[in-house]
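Each chain is listed here by its residues.
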Amino acid sequence: MSPSHALRTLRCNARPIAGPLRRLAALCAAGLLAACASAPPGGMDLSPVVPRPSPSALPEGWQHGGFMEIFVRGYADSDGDGIGDLRGLIGKLDYLQALGVSGLWLMPVTASADHDHGYAATDFRRIEPAYGSLADFDELLKQAHARGIGVIIDYMVNHSAATSPLFQASAASPAGPWRNWYVWQDPAPGGWDIWGKNPWYAEANGSYFATFGMDMPDFNLRHPPALNYHLDSLRFWLNRGLDGFRLDAVPHLIENNARDWNDQPESRALTRQLRGLVQSYPGRHVVCEATAEPKMYAHADLCGSAFAFGLETALVKAARGQPEAVRAVADYFGSGTDTDPEQAGPSTRMGVFVSNHDQFAGRRLWDQLAGDEAAYRLSAATYLLLPGTPYLYYGEEIGQAGATGLTGDPEIRAPMSWTADTRTGGFTAGQPFRPPASNVASHNVAAQLADPASLLAHYRALLALRKALPSIARGSWLRPVADGATLSFQRRLGNEHTVMTYNYARQPQTLAVPGLPAGARLQAVLPGQAQTLQADASGVAQV
């Protein structure tokens, strides 16, 4: 078997280890093919990438505006095959600019085994074929930047797909050159339990570790070549002009034993290294998925920003008028005694949201609130004006519900509702890959663009307010007060002082807003027609 024939065999085999691939691994282990140690599995690009930091194409502070999380597969289809793509997304950039978002977070766009959610990546430097090409991705960056919008993508350092050529080569032989790229033991250790499951899975040549299930084996990030591949892959995208990353599952990068497997010191060290690499490119943004200790990961010396897991539940319950949830929202960012936002801890660096692509974070907001539009508007007006960076989930701005007849994660990943067409929702000229939202006929972009009192108009106003008042985007968190079903808090940056007050109850309430300058006048900005208020001599205003 010649080396070139062996490599063609390896490239074509993406099934469980058997036949020619097993023979190739045996030849490599026996030292009969000198090319094996350096030949990339499946023809993958594993080459080193030289860093080419370039200035950001975006305005300073762009990352403090609102982000839209987009499932490319479900956003807009440009070619009628029923699957969303990058060209479809490019065609909707004017809509996103008019909405007022400053950034896009794209769920995985790299090649994957599932061809759906994308978190089972097969190749970290190749675009999912149904989404288009690298040229399409480059054009997306160009067009987004021209509109002042940044783009970050999901990146999974922790794991790949089991069908990735890298894992197939690793599984081929305990003595093979790719073995240490993943975590193996033979026999598998006992006593492990992660979320009710044993994370060790038996193969012909040993047992591999997979935090998120047998289809997504964990990389061995203690193995320098495996880690370097990811560092180079991050540079690969940054060199193209990408504006940053959402780093997936960072508390799970290293597991030490059956007891010490979550949020280990080594995982934090790796997270620092990844964040440092990304931010060596000026103006780039990193946000981490760190369910273990999100506030810790949001510190500038760790990830720099992290999603505020737990807050989303409180926000939804507060919108329903539950006093204990209102208190939880008031308490989440601390007492608010610091006046310098740079000294206020991680509060200004949290990623706040009310729903996302994972069912564990809740169903779509419309379904969680059972279509209560008043509560929906209050929920949006709360989290879009809190400290940190707000992340909208695509379709949230129009009150999009879950997909008809589906449950679990597929329910919340339906095609975007662009029109009232109950078959396609205006998402495609063909047959959608998944049923549209259950309320597509009433809640769609076309209908709401024509209604100045729509939810879409409400979101536009909130995002415009966030851009107009720097105290909201970057200011301190001051004087949070929860009283029953009412909430107030204040934001300040320099001489700009903004006060937010909320009534989640079903009847009128009066609340006292303390800590204002004596006799201060409060001019309404949202809603603009509200009356001007004045603080008394002790600095308290009655709302």
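Residues numbered from 1 in each chain as written. Predicted model: local features only at pLDDT ≥ 70, side-chain atom pairs only at ≥ 80, totals over all residues. Heavy atoms only, no water.

### Some points on the nonpolar core
Thinking step 1. By size, the foremost hydrophobic cluster in this structure holds 145 residues, and its most contacted members are Tyr75, Leu96, Leu104, Leu106 and Phe245.
Thinking step 2. A total of eight residues in this core trace back to one element, the largest contributor, which is helix H7 (residues 224-238).
Thinking step 3. Leu106 has contacts with Ile70, Val72, Leu89, Leu140, Val151, Ile152, Ile153 and Asp154, leaving out every residue within four places of it along the chain.
Thinking step 4. Core analysis: the second largest hydrophobic core is formed by eight residues, Leu511, Val513, Leu516 and Ala541 among them. (Core = buried A, V, L, I, M, F, W, Y, C linked by side-chain atoms within 4.5 Å. Buried < 20%, exposed > 50% of the residue type's maximum accessible area, 1.4 Å probe, protein only. Helix = DSSP H or I, 4+ residues; strand = E, 2+ residues; numbered from the N terminus. Contact = heavy atoms within 4.5 Å.)

### Focus: helix H16 (residues 455-468)
Thinking step 1. The first and last C-alpha atoms of H16 sit 20 Å apart over 14 residues, in line with the 20 Å expected at 1.5 Å per residue.
Thinking step 2. All buried positions along H16 are accounted for by Leu455, Leu456, His458, Tyr459, Leu462, Leu463, Leu465 and Arg466.
Thinking step 3. Those residues of H16 hidden inside the fold are in contact with helix H4 (93-99), helix H12 (365-368), helix H13 (373-383), strand E13 (389-393), helix H15 (445-449) and helix H17 (470-474). (Expected span 1.5 Å × (residues − 1).)

### Brief notes about H13
Thinking step 1. By the burial criterion, the buried members of H13 are Ala375, Tyr376, Ser379, Ala380, Ala381, Thr382 and Tyr383.
Thinking step 2. Capping the start of H13 is the job of one residue whose side-chain oxygen sits 3.2 Å from the backbone nitrogen of Ala374: Asp372. (Polar contact = N/O pair within 3.5 Å; in protein donor to acceptor, adjacent residues only side chain to side chain.)

### A closer look at the state of the cysteines
Here a disulfide denotes a covalent bond joining the sulfur atom of one cysteine to the sulfur atom of another.
Thinking step 1. Evaluated as defined, the whole model comprises one disulfide.
Thinking step 2. Shown here is the disulfide that connects Cys288 with Cys303, its sulfur atoms set 2.0 Å apart. Taking the sign of the S-S torsion, 90° for the link of Cys288 and Cys303, the bridge is right-handed. One end of the pair, Cys288, is in strand E10 (residues 285-288); the other, Cys303, is in the loop between helix H9 (294-297) and strand E11 (306-307), with 15 residues separating them in the sequence. With respect to burial, Cys288 and Cys303 carry one shared label: buried. (Disulfide = S-S within 2.5 Å.)

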